[in-house]
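Overview (structure and organization)
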Number of protein chains: 2
Amino acid sequence: MVKVFTDHGVVVRAHTGSIRIARSVRSRPRIAPEATLSAASNPVVPRVESTLRDFFAGRAGLVDEIGGGYREAVSTLERFVLRGGKRVRPSFAWTGWLGAGGDPDAPEADAVMRVCSALELVQACALVHDDIIDASTTRRGHPTVHVAFAEEHRAAGWSGDPGRFGEAVAILLGDLALAWADDMVRESGIDPAAAARIAPVWSGMRTEVLGGQFLDICNEASADESVEAAMRVNRFKTAAYTIERPLHLGAALAGADETIVGAYRRFGTDVGIAFQLRDDLLGVFGDPEVTGKPSGDDLRAGKRTVLFALALERADRDDPAAAEFLRSRIGSDLSESDVDEVREIIVRVGAVSEVEQRITELAASALTALEDSGVTDRGREALAAMATTATERTA
Amino acid sequence: MVKVFTDHGVVVRAHTGSIRIARSVRSRPRIAPEATLSAASNPVVPRVESTLRDFFAGRAGLVDEIGGGYREAVSTLERFVLRGGKRVRPSFAWTGWLGAGGDPDAPEADAVMRVCSALELVQACALVHDDIIDASTTRRGHPTVHVAFAEEHRAAGWSGDPGRFGEAVAILLGDLALAWADDMVRESGIDPAAAARIAPVWSGMRTEVLGGQFLDICNEASADESVEAAMRVNRFKTAAYTIERPLHLGAALAGADETIVGAYRRFGTDVGIAFQLRDDLLGVFGDPEVTGKPSGDDLRAGKRTVLFALALERADRDDPAAAEFLRSRIGSDLSESDVDEVREIIVRVGAVSEVEQRITELAASALTALEDSGVTDRGREALAAMATTATERTA
């Protein structure tokens, strides 16, 4: 394990990754050793978590006043929020702030950290509600929130349908996380000028991610086959929400000029899209041992990824029988041999190498965007390492 | 029809109401002629609606940039928000601001109106998500949002389950309404001092209403029979959210002193609880022609109201056979004759007269709270009229 870089926060560990077919077809030059943002060694993580813990502690009075079983429900939400995840969004926001000249030793650093950490509450809402939408049963190795409350209902022998009860509670707790995300920003202690600067960024981010999620479920339901539709979901559900806007938020907190903001947004869009493209590959070719997700799940769920859209586009042109096979299997309960055959087709028609190529180009153009941008040297190094992490990960 | 009062906003029409058994058992003195806040004649309503319309118009650029079918989905949300309702919360907030010395001709009035109107976006989230939770099919004479999107899915012949799709879209649009409510406050244009004053009020209100909703579904699922549990739901789901906090918000916008804030909060809690108690009566005894809700629906849904809890408490003491009948029927698919029998029991054991008595006492104590509070005379008159509206309505 090699420590690649640290900048008041981000530590990147190099390690040898493994990805089945993706590895076998990749021939692009590496930007940097394959690396992962490790929750265990990234010092932003414990700081985000203690900031979130303090926020929840500050709500106890209000929650206790409401009484009943609300405190226990909120504790479930708190455990969910604190249970981990890589804190990708706060890390990008914090790094964006540092790279735009933010001083981690300045008095406002704690307030900035609160704004960055609030992104995890937006994310909690997104995950809790997404898990209802996708009818997912596990998340981060635990039952999803709606499943946990359905189980409580069942264990207590309550009346009505446990599943409906679990979803109802999860809808309300997701709403609470979203409302509290706003509260956390509002109560962060940043000065009014900074608050005014971040307002449109914060607003844009929430509108975009909800739009991206909406388009995603529409594409799935309508079986939209276009690369363009899949790219639009990548752009708003992932790139804007996960990287572009968090960096933009960091820049706005630091009062960065338009050059830095523009560079961050281009970098964030490119890396964010590449991040999702990598996710698409992992969803089909990833090692279940490493990703933690059953192999082929994206295909069974009928996810309309760029990878799949490209495969269809190419199969239509070069191999109509293969195209027909892809269409007949996507969104169905594929057998393991079906999954293998779909994989083989996706590779054979060249969709995997095209996606790898796009990832490589996006990663390169992202780094170019930071040149002569006014971002500090250490900030650029940190972001380069994070770009590598995001685009070359194996899980 | 008689115009009772107008104060730069609130007009109250006197009319003759009708309530079946509730009328027959009430013997309390009236505060004022039975009245209703009429959307048609309350000048706050068109102002709230044009403010909301402007807000949605201001979002068009961001929404269009996301593209796909997002614009149409947001239009559905906009129509839902603009479709009516009595704008009770903005009316209380605005009246609270006026009563605390707010000047409707001052330059900041538009900004204040934007904050007041944002309450309707919180309410849109609450209604859209509540309709999923309650599996309601109609709202304000139209299909609920999740039903409308399920129908679109069906009409388009899309894949997957239309019901799940409709709920997914409704979850996301409810989230969007909640996020935009915050945006609308943040972008309202009130000065930073006012923003700081309203922050804890806004935060408290959202936490309370979500807590109240959570307790409500838990009471229903656990068949909690206590008056105390039902009162806690009234307090937070209705009173705090609908009247107390909107008035508090208005007071905070005006920079009111603690005396006014305290008076408003006592008034709001009392009127809010009385408002919900009236709702409980209407849910069992209301005229379906007037309420627009099928008679007995609250009983079939198993709603754990204060009215029902009091009826059970009294029946346990005085008429165990009646108590057994109530327990056997609540939450079941009651026939019309069952509904009639449940009604008869609730009246006979004295629960209706106790609830009417409580409403009378709460309405009186609410008015007392405003005395010597520093609230303007016109503000007190307006609030008195609104208290009457809220507690003596028939629909």
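Reading the values: rules and limits
- Residues numbered from 1 in each chain as written.
- Chains lettered and ligands numbered in written order.
- Predicted model: local features only at pLDDT ≥ 70, side-chain atom pairs only at ≥ 80, totals over all residues.
- Heavy atoms only, no water.
- UniProt positions renumbered as here; feature names shortened; annotations may be inferred.
- Helix = DSSP H or I, 4+ residues; strand = E, 2+ residues; numbered from the N terminus.
- Buried < 20%, exposed > 50% of the residue type's maximum accessible area, 1.4 Å probe, protein only.
- Contact = heavy atoms within 4.5 Å.
- Areas by Shrake-Rupley, 256 points an atom, 1.4 Å probe, with all protein chains shown as cover.
- Core = buried A, V, L, I, M, F, W, Y, C linked by side-chain atoms within 4.5 Å.
- Domains from an automatic or database assignment.
- Axes fitted to C-alpha atoms, helices over the stretch in contact; angles between N-to-C directions.
- Parallel < 35°, antiparallel > 145°, perpendicular 65-115°, else oblique.
- Left-handed = near helix turned anticlockwise from the far one by under 90°.
- Nonpolar A, V, L, I, M, F, W, Y, C, P; charged D, E, K, R; others polar.
- 1 Å grid on protein atoms, 1.4 Å probe; cavity = no way out; pocket = protein on both sides within 12 Å on 5 of 7 lines; lining within 4 Å.
- Points joined across faces, edges and corners; volume = space filled by probe spheres on them.
- Salt bridge = Lys/Arg side-chain N within 4 Å of Asp/Glu carboxyl O.
- Buried area = accessible area lost by both parts, 1.4 Å probe.
- Phe/Tyr/Trp six-rings, centres within 6.5 Å; stacked < 30°, edge-to-face > 60°.
- Lys NZ or Arg CZ within 6 Å of the ring centre and 35° of its normal.
- Least-squares fit on C-alpha atoms with pLDDT ≥ 70 in both.

As recorded in an unreviewed UniProt entry, chain A goes by the name Geranylgeranyl diphosphate synthase, type I, listed as coming from Rhodococcus triatomae. Here is the UniProt Pathway (unreviewed entry) comment for chain A, exactly as written: "Isoprenoid biosynthesis."

Of the regular secondary structure elements, chain A holds 17 helices and 5 strands. Counting every position in chain A, which comprises 395 residues, the buried fraction comes to 60%. Intrachain contacts of chain A at a sequence separation of at least 6 include 74% that bridge at least 24 residues. In the form shown here, chain A has an accessible surface area of approximately 14,400 Å², with 50% of it arising from carbon and sulfur atoms.

Among the nonpolar cores identified, the biggest contains 142 residues, and W94(A), L121(A), W202(A), W94(B), L121(B) and W202(B) are the most heavily contacted of them. Residues lining this core come from more than one domain, with at least three contributed by each of domain 1 (1-42 + 191-395) and domain 2 (43-85 + 109-189) of chain B. Not counting residues within four places of it along the chain, the set of residues in contact with L121(A) comprises L52(A), F55(A), F56(A), V81(A), A177(A), L178(A), W180(A), A181(A) and M184(A).

Our focus in this paragraph is the packing of helix α5 (residues 109-133) of chain A against helix α7 (residues 162-186) of chain B. For the pair α5(A) and α7(B), interaxial distance at closest approach is 10 Å and the crossing angle is 165°. Between α5(A) and α7(B), the interaxial angle falls into the category roughly antiparallel. Handedness of the crossing formed by α5(A) with α7(B): right-handed. The residues of α7(B) that touch α5(A), namely those facing C125(A), H129(A), I132(A) and I133(A), are R164(B), A168(B), I171(B), L172(B) and D175(B). Along the lines of polarity and charge, the residues of the contact of α5(A) with α7(B) split into 6 nonpolar, 1 polar and 2 charged.

Let us look at empty space enclosed by the protein. Counting across every chain of the model gives 11 cavities of 30 Å³ or more. A volume near 80 Å³ is recorded for the largest cavity. Lining the largest cavity, in full, are L172(A), D175(A), V122(B), C125(B), A126(B), H129(B), L178(B), R206(B), V209(B), L210(B) and Q213(B). When residues of the lining of the largest cavity are traced back to their parent elements, those giving at least two are α7 (162-186) of chain A together with α5 (109-133) and α8 (192-222) of chain B. Looking at the lining of the largest cavity residue by residue, the classes come out as 7 nonpolar, 2 polar and 2 charged. In terms of domain composition, the lining of the largest cavity takes at least three residues from each of domain 1 (1-42 + 191-395) and domain 2 (43-85 + 109-189) of chain B.

Once that is clear, we can look at the pattern of salt bridges. Per the stated rule, a full pass over the model turns up 68 salt bridges over all chains. A salt bridge links D130(A) to K237(A), with the nearest nitrogen and oxygen atoms 3.8 Å apart. Remark: K237(A) occurs in helix α9 (residues 227-254) and D130(A) occurs in helix α5; sequence separation between them is 107 residues. Here D340(A) ties to R343(A) by a salt bridge, and the two come within 2.9 Å at their closest N and O atoms. Pair noted here: D340(A) and R343(A) are both in helix α15 (residues 336-348), with a separation of 3 residues, about one helical turn. With a relative accessible area of 41%, D340(A) lands in the partly exposed category. Where salt bridges share partners, they join R59(A), D183(A), R186(A), E187(A), D182(B) and R206(B) into one cluster.

Before going further, it helps to examine the interface of chain A and chain B. Facing the 53 residues of chain A at the interface are 53 residues of chain B. Both faces considered, chain A and chain B share a buried interface measuring about 4,700 Å² in area, 68% of it formed by carbon and sulfur atoms. On the chain A side of the interface with chain B, the three residues burying the most area are I66(A), L172(A) and F214(A), jointly 14% of the side's total. Between chain A and chain B we count 6 salt bridges in total.

With that settled, consider the packing of aromatic side chains. In total, this model carries 12 aromatic pairs over all chains according to the counting rule given. Each ring, one from W94(A) and one from W97(A), has its centre 4.9 Å from the other, and the planes form 35°; the classification is tilted. Of the two residues, W94(A) and W97(A) both sit in helix α4 (residues 88-99), 3 residues apart, roughly one turn of that helix. Each member of the pair, W94(A) together with W97(A), is buried. An aromatic cluster of three or more residues is present, and its members are F55(A), F56(A) and W180(A). Stacked on the ring of F80(B), the Lys or Arg R140(B) has its end atom at 5.2 Å from the ring centre.

The next subject is the relation of the copies chain A and chain B. Of the transformation superimposing chain A on chain B, the axial component is 0.0 Å and the angular component is 180°, with the fit at an RMSD of 0.0 Å. On the angle and the small slide along the axis, the relation comes out as a two-fold axis. A shared binding surface is used by both copies, with 100% of the interface residues of chain A retained as interface residues in chain B.

Below, the discussion takes up the environment of D298(A). One can find D298(A) in helix α12 (residues 297-301). Excluding its chain neighbours within four sequence positions, the residues that come into contact with D298(A) are D279(A), G283(A) and K303(A).

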